[in-house]
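What the coordinates show
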Amino acid sequence: MRRQACLPVTWHTTNPREIALAIIDRVDRRGAYADVLLDARLEEAGLPRADGALLTRMVYGALRWRGRIDWVLGSVLRDPLEDLDPTARNLLRLGAYELLFLDRVPSYATVHELVELAKRRAGPGKARLVNAVLRRIARQEREAWTPPPAGPGAAAPAAPGGPPRGGVGMLGEELGEGEGLQLMEANNQEAPLVLRANRLRTSRDALVQRLRSRGVDAEPGTWSPLAVRLRGASSPAGLPEFREGLCQVQAEASQVVGLLAAPGPGMRVLDVCAAPGGKATHMAELMDGGGEVVACDVSERGLAKLAENARRLGLDCIHARVGDATRDLPGETGAFDRVLVDAPCSGLGTLRAHPEIRWRRTERDLPRMAALQARILDHAASRVRAGGVLVYATCTLSGVENEQVVEGFLDRHGGFVLEEAAAHLPEAARSMTAGPYLLALPHRHDTDGFFAARMRRLRPEPPL
């Protein structure tokens, strides 16, 4: 999944509900990513801890549970929800989420806050609608708003979060009904903030101890020897350990991809879709800060963030290059010991952290993404030296973008062979596999969904 750049968030308010409304409006209207906007606002506004926590829960909760919320609103409204203007629709979604899922304030106070917000942002007429709808929801017990598992309520079944949509439904079909339901339930859980200890400056255990000494709820990860999981932390920028370069934010399954590539000191590594740099900086640390990591991406803004992370972590072996991975990479010659293709994808493995994706993706997106991934792989293959390793990774769980892309690549490139992922992973992560592939699943591993294949080049092949 590639992240689009967003304009800086500069709303001059400290009201968490008003900020949540502005973020969700931008997610709906501009295709923005909620976490980018939320992180920027949390850093900018300096909200009290309780208000920051409320803002975070409201943004992610209203997106994560939109299927059920829309079913409830559809049961109350006389006209279709889709006929409302976006601001009024999102005001109702935020209010319904707070009434149905949160206990922070009494229901009457929630209704009052949303009505006042509606007056400021949508006008008196919409404020009256918000008042009537939310009061009707508040008058009944929450259990009354649980949709049935079948029948008319099938538009948002009792499975948390409502219906599988587009590509999300396809994942359920690939896993089977029972496991597909478990996946849906896992995707509606809150994802922890995960750090990767900078092994050049500290250890995982030392980082956990330091965080705990300051009252941070930190625990070692399960699959990566460098992962630290945090509960209740809203923004990494507020952590002294982050500012000092002792750690980097990186999902635990994403860390396992770097371990699968297993670069060593002195190697030459190419990361062709590198921004914002989680895997590139990880590989540089695994190389003890030596050798060379060439980090390419089409996004200058993303590469600027990568360079910032590299400086903070004390890594000077990373060289950022602007380049289109579907074409020849400008200014780079020679072969590499490791080439990582962390491909643009549908992002369907990251629904815990990016719930808005489920309302954007359809099955038609998957073949389009697979064609792009194949082009990138074909060009990246030419940069792998004989005996070197090519790693293909995605943060999706769709076989169209994963196994089928790898199988097609191997059919086109006879000089490469697929290696068993488990043979190249630390012992703790060896069960995170399916056949020869790395496969992390939210409901099995409590991580984001990730896929990766490790392929070794046995002999040169003619250039494309």
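The following paragraphs examine the structure supplied in this document.

The rules behind the values
Residues numbered from 1 in each chain as written. Predicted model: local features only at pLDDT ≥ 70, side-chain atom pairs only at ≥ 80, totals over all residues. Heavy atoms only, no water. Helix = DSSP H or I, 4+ residues; strand = E, 2+ residues; numbered from the N terminus. Buried < 20%, exposed > 50% of the residue type's maximum accessible area, 1.4 Å probe, protein only. Contact = heavy atoms within 4.5 Å. Pairing = 2+ DSSP bridges. Phe/Tyr/Trp six-rings, centres within 6.5 Å; stacked < 30°, edge-to-face > 60°. Salt bridge = Lys/Arg side-chain N within 4 Å of Asp/Glu carboxyl O. Core = buried A, V, L, I, M, F, W, Y, C linked by side-chain atoms within 4.5 Å. Axes fitted to C-alpha atoms, helices over the stretch in contact; angles between N-to-C directions. Parallel < 35°, antiparallel > 145°, perpendicular 65-115°, else oblique. Left-handed = near helix turned anticlockwise from the far one by under 90°. Nonpolar A, V, L, I, M, F, W, Y, C, P; charged D, E, K, R; others polar. Expected span 1.5 Å × (residues − 1).

Across its full length, the chain carries 17 helices and 13 strands. A buried classification covers 57% of the 464 residues belonging to the chain. Within the chain, contacts between residues separated by at least 24 positions form 74% of all contacts whose residues are at least 6 apart in sequence.

Another point: the pairing of strand E2 (residues 217-220). Pairing of E2 with strand E3 (residues 227-231), which is carried by four bridges, proceeds in the antiparallel orientation. By the bridge assignment for E3, Glu219 is matched with Arg229. Between E2 and E3, which pair antiparallel one after the other, the connecting turn spans six residues.

Here we take up the packing of aromatic side chains. Pairs of aromatic rings are described using the distance from one ring centre to the other and the angle between the two planes. This structure, assessed with the given rule, holds five aromatic pairs. Judged by centre distance (5.2 Å) and plane angle (20 degrees), the ring pair of Tyr97 and Phe101 falls under stacked. In this pair, Tyr97 and Phe101 both sit in helix H5 (residues 86-101), four residues apart, roughly one turn of the helix. Judged by its relative accessible area of 4%, Tyr97 is buried. Between Tyr392 and Phe451, the ring centres sit 6.5 Å apart and the planes meet at 70 degrees, which makes this aromatic pair edge-to-face. Of the two residues, Tyr392 is situated in strand E9 (residues 384-394) and Phe451 in strand E13 (residues 450-457); the sequence distance between them amounts to 59 residues. Overall, the relative accessible area of 0% leaves Tyr392 in the buried class.

The subject of this paragraph is the pattern of salt bridges. Under the definition given, this model contains 29 salt bridges. For Glu244, the salt bridge identified is with Arg210, shortest N-O distance 2.9 Å. Placement of Glu244 in the loop between helix H11 (240-243) and strand E4 (247-249) and of Arg210 in helix H10 (residues 204-213) is noted, with a sequence separation of 34 residues between them. The class for Arg210 is partly exposed, based on a relative accessible area of 31%.

What follows is about the pairing of strand E1 (residues 193-197). Among the five residues that make up E1, five are buried, leaving the element largely enclosed by the rest of the structure. Neither face of E1 is exposed, since Leu193, Leu195 and Ala197 on one face and Val194 and Arg196 on the opposite face are all buried. Across four bridges, the pairing between E1 and E3 is antiparallel. In the strand pairing of E3, Val194 is matched with Arg229. Direction of pairing for E1 relative to E4: antiparallel, over a ladder of three bridges.

The next point concerns the environment of Ser254. Here Ser254 shows up in helix H12 (residues 252-261). Along the sequence, Ser254 and Gly449 sit 195 residues apart, while their C-alpha atoms lie 9.1 Å from each other. If we skip the residues at most four places from it in the chain, Ser254 touches Lys279 and Phe450.

Attention now goes to the nonpolar core. Among the nonpolar cores identified, the biggest contains 48 residues, and Ile23, Leu55, Leu73 and Ile137 are the most heavily contacted of them. Contributing elements (two or more residues each) for this core: helix H1 (16-30), helix H2 (34-45), helix H3 (49-64), helix H4 (66-76), H5, helix H6 (107-121) and helix H7 (124-139). Once residues lying within four places of it in the same chain are set aside, the contact partners of Leu55 are Pro16, Ile19, Ala20, Ile23, Leu38, Leu42 and Leu47.

With that settled, the discussion passes to the packing of helix H15 (residues 365-381) against helix H16 (residues 403-412). One way to put it is that H15 packs onto H16 with a least axis distance of 10 Å and a crossing angle of 40 degrees. Accordingly, the angle class assigned to the pair H15 and H16 is oblique. In this structure, the crossing between H15 and H16 has a hand that is right-handed. Of H16, the residues touching H15 (which contributes Ala370, Gln373, Ala374, Leu377, Asp378 and Ala381) are Val405, Phe409 and Arg412. Residues that form the contact of H15 with H16 fall into these classes: six nonpolar, one polar and two charged.

We now examine H3. Taking 1.5 Å per residue as the helical rise, H3 with its 16 residues ought to reach 22 Å, and the 22 Å between its terminal C-alpha atoms agrees with that figure. Among the 16 residues in H3, twelve count as buried, and that is most of the element.

With that settled, consider the packing of H5 against H6. Running from amino to carboxyl end, H5 crosses H6 at an angle of 165 degrees, the nearest separation of the two axes being 10 Å. Here H5 lies roughly antiparallel to H6, going by the angle between them. Between H5 and H6 lies a crossing of right-handed hand. In contact with Thr87, Leu91, Leu94, Gly95, Glu98 and Leu99 of H5, H6 contributes Ser107, Thr110, Val111, Leu114, Leu117, Ala118 and Arg121. Class assignment of the residues belonging to the contact of H5 with H6 gives a composition of seven nonpolar, four polar and two charged.

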